[in-house]
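Here are the chains, one letter per residue:
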Amino acid sequence: PHLPVSALQTYPQPTRFRAVQHKHKEVSPSSSSPSTTSGAARLRPAQKAPPPLFSLVRNPFPSQVKGAITMSAAQELVLYINGEKIVERNAEPDMTLLEYLRQKRNLTGTKLGCGEGGCGACTVMVSHFDQASGKIQHRSVNACLAPLCSVDGHHVVTVEGIGNSQKGLHPVQKRIAAFHGSQCGFCTPGIVMALYAHLRKTPQPTLHGLEEAFDGNLCRCTGYRPILDAAKTFAVDANSCAGESVAKLGATKKDGACTGKHEFWEEGPLSGFDGVEISSSTKSKLESAPKLDEGKEELPFPAELKDFKPKSLAIKGSSVTWYRPLSLEELVEITQTHPKAKIVVGNTEVGIETKFKFRKYPVLISPTLVPELMALRMQPAGQNAEFKCDSMEIGAAVSLTAIKDFMKGMVESGKMKPESTGSLVAVLDQLRWFSSTQIRNVGCVGGNLVTASPISDLCPVFLATDSILTFAKKDADGKIAFRRLPVSKFFLNYRTVDLREGEVLVSVVLPMTRELEYVKAFKQARRREDDIAIVTSCLRVRLQPVSEALAEAEKKAKEECTKVEPEVAKLAKKGGYRIQDASFGFGGMWKTPVRAKKTEEFLKGKCWDANTIEAAVAMLGKDFPLNKSTPGGMAEFRKTLCASFLYKFYVHTCQRTSKEIENGKQALPPEENSATTVFERPVSVGRQTFQVNPSQRQAVGKPISHRSAYLQVTGEAEYVDDLPPKHSMLYSAMVLSTCPHGEILSIDASEALEMKGVEGFFSAKDIKGLNEVGHWGDEELFASKTVHCVGQPIGVIVADTHKQAVEAAQKVKIEYKKLPAILNIEDAIKEQSWLGEQKGYLIERGDSKKGFEESEMVIEGEMRIGGQEHFYLETHCSEAVPSENGEMCILASTQNPNTTIETVAHALGVSAHKVVCKVKRMGGGFGGKETRSVNYSAAAAVAAAALRRPVRIVLDRNVDMATSGQRHAFMGKYKVGFNKDGTLKALDVQLFSNAGWCQDLSIPVLHRGLFHIDNVYYIPNIRAFGRACKTNQPSHTAFRGFGGPQGLMVAEAAIDHVARALGMPGHVLREKNMYKEGQRTHFNQVLTKCTVRRAWEECMRRVDFKKRQEECKTFNAEHRWRKRGVAIIPTKFGIAFTAKFMNQGGALVHIYTDGSVLVTHGGTEMGQGLHTKMVQVAAGALGVPVEMVYIAETATDKVPNTSPTAASMSSDINGMAVFRACEQIAKRLKPLRDSLPKDTSWKELIHKAYFERINLSAQGFYKVPDVGYDFATQSGPGFHYFSYGVAFSMVEVDVLTGDHQVLRTDIVMDVGNSLNPAIDIGQIEGAFTQGMGLFTMEEMVWGDSEHTWLRPGTLFTQGPGAYKIPSFNDVPLEFNISLLKNAPNPKAIHSSKAIGEPPLFLASSIFYAVKEAIAAAREDRKKETGDGSSGHFTLNSPATAERIRMACPDQLTAKLGVPTEYQPQGSW
């Protein structure tokens, strides 16, 4: 992942993407060096060679291959965008396609999500005419990385180009909208274009292909299922999807029938009121979708581009020059003239270096039209002196997609013997999970080699196969000289390769495998899809039958009159195979891709058997002696993965050697074969079941689509950074601390202020009002004297462009006097460093001491839950627009408009009535924009007020993640007393949260954790105590669940521990102790309408839980290295702000004379469908169609003093406020309505009302009654009501790697009478998927005592390169949602219930299913050796691949010396 330059301290230059040219003495052309040849067109030794077996030269313009860069080289770009021809004569080579589209063409539908090609929000389609094949080639690309100059001669299609709300939507857009595949909408244009490009490229799309088409796109809102449903309707095999995948999981095949057609999902008729069941694979759902070829013609490929004849390019920008040669001669000429130039193909490395490392490369060269670098050809044995077998030459600039397609074609064509394809299959295995489709479409093999990434996926393959590299440069006579070098000699040091000055990598030659030669590639990452490796490898052996080796030895002994070597004679007694040669390439184990040379030498000549492999594991430990301070961490896991890969390879090879016999028995028991099983993802399926209540009003309760869905799928929905720049607008960037704790000695902005375009620098001394911000006044807008964390704002730079501001911010020099830093919970406990009440916070019920004394058994344990990044797709952004008389208008992406105006007013020294905050929509929030957003708005406002010019601030993804705080990490210590029958008697819990350096919302977050420490279990004696730990990290903040999931997780950890201590199934223990109606919680609140047991029983019935358990037991008995687990977990979530005063909402409703209704309320729209529900409430209250009601924005000058959109309360408080406002108007209209004929239309009624001078405007207000817990007196209701839910999950775990797959999830959720079932189901799926990330994947890594390879206080996981949220590939294979029927909630609007946060914790069902699978593996180990335990074991959250693997001790970990109860590092 990209890091700040200061992040790592082990290597002096810790960049991931820098390759260093290694200097050598030049070799004369007449030298006898075997690695150098000369000649104008020779790539190989001058000998007559047979023609290539098969070849493919990926030069789309084969006739344009000669010439040199001269004064006649083209200095302008010719391209088409959405069918419009553009001749760009002022192109800047360092400008990306995304910048050009958004800034120069005003095509803002394409979004900037991360800037590193990791989220897909910027996806566009780029097409060109391939003259070699005579076909149009379509591909999806990341516009945030693609250089503008790279699309010369291409047609770029953006989301605006395929359809819009005025001229009509494309079927892709229609389907995603109709299937509820867009929530916040920020990621939607990229997803639309990924699907569109796949369909244009693939005329016959399949279900599997469509599910894989989104591997480069992320969505944080939907949970992906509805997007996949929409996409699968385009598949040619769509009708075959029902039931097949379910049957593979052992589930009952469903008939696909439903009680209502898919049209009801929008507006169709009901077939009764018992419920409507929708299946994602039903025939009616597929048939109801718009056809691909209906309604709108495809944007045609420009005819002019079919005859496009490219020229050499020499584009000179203000700071960078771009060359595009057409021949190898031109290329080497340019590289000789500019030896420090960067060769760019996909810009996937250089683009990140320039953006995040601020590297400057004055000359860039694009070799994509040089034929030699675009070649793909098979070569017969003898054509390469280095090989005795066939080989494949791969041009250095060939795209990875082209390589994949060509190799796949060769393997599947039957033209090659299966035993010859081992190397190709190894490359294909790596390319399957290599980055994303968008990156593979542009990235090349040469870049993968030359950047020398230590974690490269392909380099280990080239190492293991002894591949050969070919380089070209000009010799002293001006001719092209070639040099050949084995890949094993190419990597010299960290980011340093044997690439000589002026040289160009031309190609890599990959040898094919021979008989009894086996190659297999492996990779383990944090996430399967689009992730860099933790460890990657390729292992190769060449075997020889022992009988053949003995015959050779006997012949040699006879000829030399000696005895047969003892080793060979010993092997003869064993039989089987002898290892002739071994070559093991690894990534992620050294500072370069590396060979395991000690292990290779050890294996040569040995017998290929289990004993040899076991001994080789120990040798791997000597090859890779990693330790705790090794960069990247995870030392024990990485070593274990190497051993696991070796064992997998051994089993893989044994499966392919038909004569593998050992001691007269089959070498491998059948259950060992599971070591080689890979996760094959069948087509996912799902069902959504809900009830419609006939008593509900006209609009309320209908599953209508998000009201902005059509705008979002077309890219017309505007976010803050999409707004047209206002006159004289400036852009700003934060100046941030690089010290975790220290005194500021000096701030020098002089160098920054001298830079072009910079207008000013503002710090604490420039604030006219108050520098104190935050609810508690313990935080500064700009640090004045002391910094408390890395990333704390010290000031803001303002410039003409965002890029100028970001670069200038790096030039501000700050000197510190370092102070001691507290970097984790354990340090805080040691130093007694707390926030809030120093005595802590306590909730107590009963007598826990007596409870423990009366308990028959008592256990103690600990549970840790890591933090979580919000990863909203739209980063923090705001625009401050000054006006007359000190007025300021803030256009912000915030959940908290009211606090925004208060903070801005304080900073400017004006009253709040002079500041207005407006929020149109957010690209996601999840709590991260509840309080942390206001500081960025205030920073922009300070600069705007000083300069009297509008100022916009948009945080880059890495800055957002490093500065704005995350979900609080928690540590929970528990003590549980219980009887042998499972009855819980007492619970004592201590919760410690990592709050960061200031309070923010950490105290109420801790409170909610304490409130939820019981989950759904009645425990008569509870003592829950908590502290918020003050650490030198950015202030952590609200996140969906707000401390609840952490408290619930500690509760479930305690329950799991009790169950294992008793040997009792977890579901039995949970059901035995579940709350009953009328019982009181530990904070003395009576539970009414408690539906958890109903939900539990329905979920158990739906999944046939006992049957699933038996299936897992059978599977686990048959598979040693694959284990399955099931778990069913309930949840209870309190609904209310825990701060009493915040439980209020307001609304303003206007009805205009044409009958249209404008609603404004205090809530903000961030994708959760709040505005849609409010439209339904208003339409229902007034009795009008939803089309008559509109919500434009949230604005503080319309509805003042609003509560933040948070705590899942927004529908409740704002819905009641809207309803009450509408009721006022309806009451005023009633006398008039009664006096008019019954058939009077709404428009006529309103028209007459206007002339009757009836007030058609109303303000509504609502306060939640009976809430407010007092910690001092431990009294008062904590919540207005509770939401309940139950989830079942079944998983499969790869014991050798820790990878896992979710086979099935079923959720039963109590949402009361749903206001909108479609939106509520979307919220359930999205929350669950976010919870899946929290508990199994997403891991924050900070520089602390556990991660000494990082600079103290630095966040390593900045951006999607290092931080992994769930992707499309992680969706449960079967994902079923059911809304609990007949469960009205009388305490909320229309008997509904809150839904945003409660479902998130249900994803812990995956965590505990994983834990069950681990327990099965540990039980096997105990049976084998007595080592390990089948009882309780600690598994901290998240259950990453590392934690899963290291919780499964086996003979491999024992050989490496890993302790049985080893616990991986974590940032808590």
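Conventions we followed
Residues numbered from 1 in each chain as written. Predicted model: local features only at pLDDT ≥ 70, side-chain atom pairs only at ≥ 80, totals over all residues. Heavy atoms only, no water. Helix = DSSP H or I, 4+ residues; strand = E, 2+ residues; numbered from the N terminus. Buried < 20%, exposed > 50% of the residue type's maximum accessible area, 1.4 Å probe, protein only. Polar contact = N/O pair within 3.5 Å; in protein donor to acceptor, adjacent residues only side chain to side chain. Phe/Tyr/Trp six-rings, centres within 6.5 Å; stacked < 30°, edge-to-face > 60°. pLDDT = per-residue confidence, 0-100. Contact = heavy atoms within 4.5 Å. Core = buried A, V, L, I, M, F, W, Y, C linked by side-chain atoms within 4.5 Å. Pairing = 2+ DSSP bridges. Axes fitted to C-alpha atoms, helices over the stretch in contact; angles between N-to-C directions. Salt bridge = Lys/Arg side-chain N within 4 Å of Asp/Glu carboxyl O.

Looking at the side chain of Gln 173
Assignment of secondary structure puts Gln 173 in helix H3 (residues 171-178). On the basis of relative accessible area, Gln 173 is assigned to the buried category, the value being 0%. Side-chain polar atoms of Gln 173 contact the backbone oxygen of Val 159, separated by 3.4 Å.

Some details on the packing of aromatic side chains
Under the definition given, this model contains 30 aromatic pairs. Summarising the aromatic geometry, the rings of Tyr 224 and Phe 1368 are spaced 4.2 Å apart at their centres and angled 45° between planes, so their arrangement reads as tilted. Here Tyr 224 is found in the loop between helix H5 (207-212) and helix H6 (225-232), whereas its partner Phe 1368 is found in the loop between helix H38 (1317-1336) and strand E54 (1374-1379), with 1144 residues between them in sequence. With a relative accessible area of 0%, Tyr 224 lands in the buried category. Between Phe 1083 and Phe 1282 the ring centres are 6.4 Å apart and the planes differ by 40°, which places this aromatic pair in the tilted class. Of this pair, Phe 1083 sits in the loop between helix H32 (1066-1072) and helix H33 (1092-1103) while Phe 1282 sits in strand E52 (residues 1281-1294); the two residues are 199 residues apart in sequence, bridging distant segments of the chain. For Phe 1282, a relative accessible area of 5% corresponds to the buried category.

Focus: the confidence of the model for the protein
On average, residues of the protein score 89 in pLDDT, and 89% of them reach the 70 mark or higher. Confidence drops under a pLDDT of 50 for residues 659-666, and excluding neighbours within four residues, the segment shows 11 contacts in the predicted structure.

Some remarks on the nonpolar core
Ranked by size, the top nonpolar core spans 267 residues in total, and within it Phe 584, Phe 586 and Trp 608 carry the most contacts. Ranked by the residues each element gives to this core, the list is headed by helix H21 (residues 635-656), at 12 residues. Leave out the neighbours within four places in its chain, and Phe 584 touches Cys 538, Leu 539, Arg 540, Val 541, Val 594, Arg 595, Ala 596, Thr 599, Glu 600, Leu 603, Leu 646 and Phe 649. Grouped together as the second largest cluster of nonpolar side chains are 65 residues, Met 392, Phe 462, Ala 472 and Ala 521 included.

What to know about the sheet that holds strand E7 (residues 135-142)
Here we have 5 strands laid out as an open sheet, ordered E5-E4-E8-E6-E7, and mixed in their pairing. Each edge of the open sheet carries a strand with a single partner, namely strand E5 (84-88) and E7. On average, each strand axis in the sheet is inclined to that of its neighbour by 30°, with strand direction left out of account. With respect to the sheet, helix H1 (residues 97-104) is in contact with strand E4 (77-81), E5, strand E6 (123-130) and strand E8 (155-157), its orientation differing from that of E6 by roughly 110°. Packing of helix H4 (residues 188-201) onto the sheet brings it into contact with E6, E7 and E8, and relative to E6 it is tilted by some 25°.

Things to note about the pattern of salt bridges
Within this structure, the stated rule accounts for 76 salt bridges. With a closest N to O distance of 2.7 Å, Arg 225 and Asp 229 form a salt bridge. A residue pair is termed a helical-turn pair when its members lie 3 or 4 positions apart in one helix, as Arg 225 and Asp 229 do in helix H6 at 4 residues. The salt bridge partner of Arg 952 is Glu 879, with a shortest N-O separation of 2.6 Å. Taken together, the residues span a long stretch of sequence, with Arg 952 in strand E42 (residues 951-954) and Glu 879 in strand E39 (residues 877-882) at a distance of 73 residues.

Let's talk about the environment of Leu 723
Its place among the elements puts Leu 723 in the loop between helix H22 (709-714) and strand E28 (730-736). Each C-alpha atom of the pair Leu 723 and Leu 891 lies 9.7 Å from the other, and the pair is 168 residues apart in sequence. With sequence-adjacent residues up to four places away left out, Leu 723 is seen in contact with Glu 718, Glu 879, Leu 891 and Arg 952.

Quick word on unusual backbone geometry
Glycine aside, a negative phi is what most residues show, and trans is what most peptide bonds show. The peptide bond linking Ser 1437 to Pro 1438 adopts the cis configuration, its omega dihedral lying at 10°. In this fold, Pro 1438 is placed in the loop between helix H39 (1404-1425) and helix H40 (1441-1446). Located in the positive-phi region is Asn 1084, a residue other than glycine, with phi close to 70°. Secondary-structure assignment places Asn 1084 in the loop between H32 and H33. For Asn 1084, a relative accessible area of 47% translates into the label partly exposed. At Ala 1207, a position not held by glycine, the phi torsion is positive, near 60°. Using a relative accessible area of 12% as the deciding quantity, one classes Ala 1207 as buried.

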